[in-house]
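One letter stands for each residue in the lines below.
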Amino acid sequence: MLNERRIILASKSPRRKELLSMIGLEYEVIPSEIEEDASETEPSLMVEQLARQKAESVKEGRYGCIVIGSDTIVCLDGEIIGKPRDESDAFGILKRLQGKTHTVYTGLCIISDDQKIVCHDAARVTFAEMSDGEILDYIRTGEPMDKAGAYGIQGVGGVFIKHIEGSYFTVIGLPIHLLYENLGKFGEAQRIWRRKTDEHRNQIT
């Protein structure tokens, strides 16, 4: 008998929700409302710390469940780049990224009543050269405004990505290979395949 603990995503990110739904995981969303407060300055440690803070804040007072927290940052030449403040800031970020390779770090934290796993993954992303007109046109789509690094690889921004070294899903914001691997340590990974098997059976009957 598989354990049927609730699985909670501590994020309102539509990209993370889409990825969990894509792999067939049954979950609910309770976004973390905490102010991000990272004392770590090394990127890999920072995303782990922020992912842990989000997961812990949602897990507090909730029992018999598993909470998933995640956080993503972009790092170029040793500098961490967050979400743009406004369109002018988005232009400056994209101007810096174009024609260069940066690193995307995504932290993952999974917490149950008696277990906690914190880890991260990193991927290197190379941007194509972009004209000022292309940058302005891209900003006008609105896509850059809620994303670390001011771009979405899974959307229009993908046309400017020349090369990825690492996981595409890490760049989107949730390293699903690490998620699956670590859900197995909580005895939950089989739920993904059971739901997918049921979906397939329903499609052919």
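See the structure above.
First things first, this report covers the structure right here in the doc.

Here is what the cut-offs are and how they apply
Residues numbered from 1 in each chain as written. Predicted model: local features only at pLDDT ≥ 70, side-chain atom pairs only at ≥ 80, totals over all residues. Heavy atoms only, no water. Buried < 20%, exposed > 50% of the residue type's maximum accessible area, 1.4 Å probe, protein only. Helix = DSSP H or I, 4+ residues; strand = E, 2+ residues; numbered from the N terminus. Pairing = 2+ DSSP bridges. Salt bridge = Lys/Arg side-chain N within 4 Å of Asp/Glu carboxyl O. Arc of directions from axis to C-beta. Contact = heavy atoms within 4.5 Å. 1 Å grid on protein atoms, 1.4 Å probe; cavity = no way out; pocket = protein on both sides within 12 Å on 5 of 7 lines; lining within 4 Å. Points joined across faces, edges and corners; volume = space filled by probe spheres on them. Nonpolar A, V, L, I, M, F, W, Y, C, P; charged D, E, K, R; others polar.

### As for the pairing of strand E3 (residues 65–76)
Stage number 1. Counting buried positions along E3 gives 12 out of 12 residues, so the element sits mostly inside the fold.
Stage number 2. Burial along E3 is two-sided: the residues Cys65, Val67, Gly69, Asp71, Ile73 and Cys75 and Ile66, Ile68, Ser70, Thr72, Val74 and Leu76 are all buried.
Stage number 3. Bridge count between strand E1 (residues 6–9) and E3: 4 bridges; the pairing is parallel. When the sheet's bridge partners are listed, isoleucine 7 is paired in E3 with isoleucine 66.
Stage number 4. In this sheet, strand E5 (residues 101–111) lies alongside E3 in antiparallel orientation, the contact comprising 9 bridges. The residue bridging glycine 69 from the neighbouring strand is cysteine 109, located in E5.

### With respect to the pattern of salt bridges
Any two side chains of opposite charge can pair, on the condition that their charged atoms come close.
Stage number 1. Going through the model one piece at a time under the given rule, you end up with 12 salt bridges.
Stage number 2. Lysine 59 is the partner of aspartate 113 in a salt bridge, and the nearest nitrogen-oxygen pair spans 2.6 Å. On the criterion of sequence distance, the pair formed by aspartate 113 in the loop between E5 and strand E6 (116–127) and lysine 59 in helix H2 (residues 43–59) is long-range, its members being 54 residues apart.
Stage number 3. Take aspartate 113: its relative accessible area is 47%, and that puts it in the partly exposed class.
Stage number 4. A relative accessible area of 9% means that lysine 59 is categorised as buried.
Stage number 5. Salt-bridge contacts for arginine 96 lead to glutamate 79; the nearest nitrogen and oxygen are separated by 3.2 Å. Taken together, the residues span a long stretch of sequence, with arginine 96 in helix H3 (residues 87–97) and glutamate 79 in strand E4 (residues 79–81) at a distance of 17 residues.
Stage number 6. A relative accessible area of 41% places glutamate 79 in the partly exposed class.
Stage number 7. Salt bridges sharing common partners tie together Arg15, Asp146 and Lys147.

### Quick notes on helix H6 (residues 176–185)
Stage number 1. What H6 keeps buried is the set Ile176, Leu178, Leu179, Asn182 and Leu183. Viewed end-on, H6 has its buried residues packed into an arc of 150°, placing them on one side of the element.
Stage number 2. Taken together, the buried residues of H6 touch helix H1 (14–22), E3, E5, E6 and helix H5 (168–172).
Stage number 3. After H6 finishes, the residue glycine 187 shows a positive phi value of roughly 75°.

### Some details on the layout of surface pockets
Think of a ball as big as a water molecule: rolled over the atoms, this probe shows where empty space is left.
Stage number 1. Taken as a whole, the largest pocket spans an internal volume of roughly 790 Å³.
Stage number 2. Taken together, 33 residues form the lining of the largest pocket, with Arg16, Glu36, Lys54, Asp71 and Lys83 sitting closest to its centre.
Stage number 3. Every element with two or more residues in the lining of the largest pocket is listed here: H1, H2, E3 and H5.
Stage number 4. With 4 residues, the top contributor of residues to the lining of the largest pocket is E3.
Stage number 5. Taken together, the residues that form the lining of the largest pocket break down as 15 nonpolar, 8 polar and 10 charged.

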